[in-house]
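Overview (structure and organization)
One-letter residues, chain by chain:
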Amino acid sequence: MRIGTGYDVHRLEEGHPLVLGGVDIPFERGLAGWSDGDALIHAIIDALLGASGLGDIGIHFPSGDPEYRGISGIVLLRRVREMLDEAGWRIENIDATVIAEQPRLSPYIDQMRRHIGEALGIGEEQVGIKAKTSDGLGFVGRGEGIAAQAVASIYKREANEAI
Ligand code: MG
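Treat the numbers as computed from the prediction; the structure is a model and nothing was measured.

**Regarding the overall build of the chain**
Secondary structure summary: the chain contains five helices and seven strands in total. Helices and strands appear in the chain in the N-to-C order β-β-β-β-α-α-α-β-α-β-α-β. Relative to the compact-globule value of 15 Å for 163 residues, the chain shows a C-alpha radius of gyration of 15 Å, a close match. With respect to the principal axes defined by its C-alpha atoms, the chain has extents near 50 × 35 × 25 Å. Burial statistics for the chain: of 163 residues in total, 48% are counted as buried.

**Regarding the coordination of the magnesium ion**
At the metal site, the magnesium ion is ligated by Asp8 (OD), His10 (NE2) and His42 (ND1), and these contacts range over 2.1 to 2.2 Å. Take His10: its relative accessible area is 14%, and that puts it in the buried class. Classification of His42 as buried rests on a relative accessible area of 6%.

**Re the packing of helix H3 (residues 73-86) against helix H4 (residues 109-120)**
Where H3 contacts H4, the two axes come as close as 8 Å, and the packing angle between them is 35°. Listed contacts from H4 to Ile74, Leu77, Arg78 and Arg81 of H3 are His115, Ile116, Glu118, Ala119 and Leu120. Across the contact of H3 with H4, the residue classes break down as five nonpolar, one polar and three charged.

**Points about unusual backbone geometry**
Glycine aside, the phi torsion of most residues is negative, and most peptide linkages are trans. Here the amide bond leading from Gln102 into Pro103 is cis, since omega sits at -10°, within 30 degrees of zero. Looking at where Pro103 falls in the secondary structure, it is placed in the loop between strand S5 (89-99) and H4. For Asp135, which is not glycine, the phi torsion reads 55° and is therefore positive. For Asp135, the location among the structural elements is in the loop between strand S6 (127-132) and helix H5 (138-141). Relative accessible area serves as the criterion here: at 66%, Asp135 is assigned to the exposed category.

**What to know about the pairing of S6**
On a regular strand, one side chain projects to one face of the sheet and the next to the other, so that they alternate. Looking at chain direction, S5 and S6 are connected through six bridges and run parallel. If you follow Ile99 over to S6, its bridge partner there is Lys132. As a crossover connection, the stretch from S5 through H4 into S6 is right-handed.

**Brief notes about H4**
Here H4 contains twelve residues, and its C-alpha end-to-end distance of 16 Å stays within 8% of the 16 Å for a straight helix at 1.5 Å per residue. In this structure, the buried side of H4 is in contact with strand S2 (18-20), strand S3 (23-25), helix H1 (39-52), H3, S5 and S6.

**Topic: the nonpolar core**
In terms of nonpolar packing, the biggest core is built from 46 residues, with Leu20, Leu40, Ile44, Leu48, Leu77 and Ile116 touching the most fellow members. Contributing elements (two or more residues each) for this core: S2, S3, H1, H3, S5, H4, S6 and strand S7 (145-156). With ten residues, the single largest contributor to this core is H1. Not counting residues within four places of it along the chain, the set of residues in contact with Leu20 comprises Ile25, Leu31, Asp38, Ala39, Leu40, Val98, Leu105, Met112 and Ile146.

**Concerning the sheet that holds strand S1 (residues 2-13)**
Taken together, five strands build an open sheet; the order of strands is S4-S1-S7-S5-S6 and the sheet is mixed. Two strands in the sheet have a free side with no partner beyond their single neighbour: strand S4 (30-31) and S6. Looking at chain direction, S1 and S7 are connected through ten bridges and run antiparallel. Bridge pairing links Ile3 to Ser153 in S7. Sheet strands touched by H1: S1, S4, S5, S6 and S7. Its angle to S1, the strand with the most contacts, is close to 155°.

**Comments concerning H3**
With 14 residues, H3 ought to run about 20 Å at 1.5 Å a step, and its terminal C-alpha atoms sit 20 Å apart, in line with that. Turning to H3, its buried residues are Gly73, Ile74, Leu76, Leu77, Val80, Leu84 and Asp85. Each element contacted by the buried residues of H3 is listed here: H1, S5, H4 and S7. Two or three places before Ile74, at the start of H3, stands the capping residue Ser72, its side-chain oxygen 3.1 Å from that residue's backbone nitrogen. Backbone geometry just after H3 places Gly88 at a positive phi near 85°.

Scoring rules and cut-offs
Residues numbered from 1 in each chain as written. Predicted model: local features only at pLDDT ≥ 70, side-chain atom pairs only at ≥ 80, totals over all residues. Heavy atoms only, no water. Helix = DSSP H or I, 4+ residues; strand = E, 2+ residues; numbered from the N terminus. Rg over C-alpha atoms; globule rule 2.2 N^0.38 Å. Buried < 20%, exposed > 50% of the residue type's maximum accessible area, 1.4 Å probe, protein only. Donors = N, O, S within 2.8 Å, 3.2 Å for Na, K, Ca; no water. Axes fitted to C-alpha atoms, helices over the stretch in contact; angles between N-to-C directions. Contact = heavy atoms within 4.5 Å. Nonpolar A, V, L, I, M, F, W, Y, C, P; charged D, E, K, R; others polar. Pairing = 2+ DSSP bridges. Right-handed = clockwise from strand over helix to strand, strands pointing away. Expected span 1.5 Å × (residues − 1). Core = buried A, V, L, I, M, F, W, Y, C linked by side-chain atoms within 4.5 Å. Polar contact = N/O pair within 3.5 Å; in protein donor to acceptor, adjacent residues only side chain to side chain.

Spelled out as structure tokens, the structure:
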């Protein structure tokens, strides 16, 4: 069994959609980035890659590569699941926290857990997501960006276990 951690931040800017955990969230600003800026999924990807010793998100999906311009975090997450499958790893659980002053994310948490669970081939009960504010402090508190952190637990598949 292995554990990995991940962290990500994206700037909140006008003219971008807000996508978190693969869910479109109505808000007047969204997350800027080379990809879709889904900081929650990016943190989960780094946790999975870190646990499996397969590197990090920047190695596999580099910013600046036209292939990944605007790409959905869910699409990247599916690719990471394939990498782990090929390396013989199964996912035990994910636990993550999104830190955002606004908007209120609690109405979207269950949908995020479903989308992430589907992309990873695990049940939504294996995907924990919490939403926190920064109590008005720092860049998150000023509404300049949204941060996310994640932990992933994985284990080696038995030789006779189906993928
Ligand atoms: Mg990112």
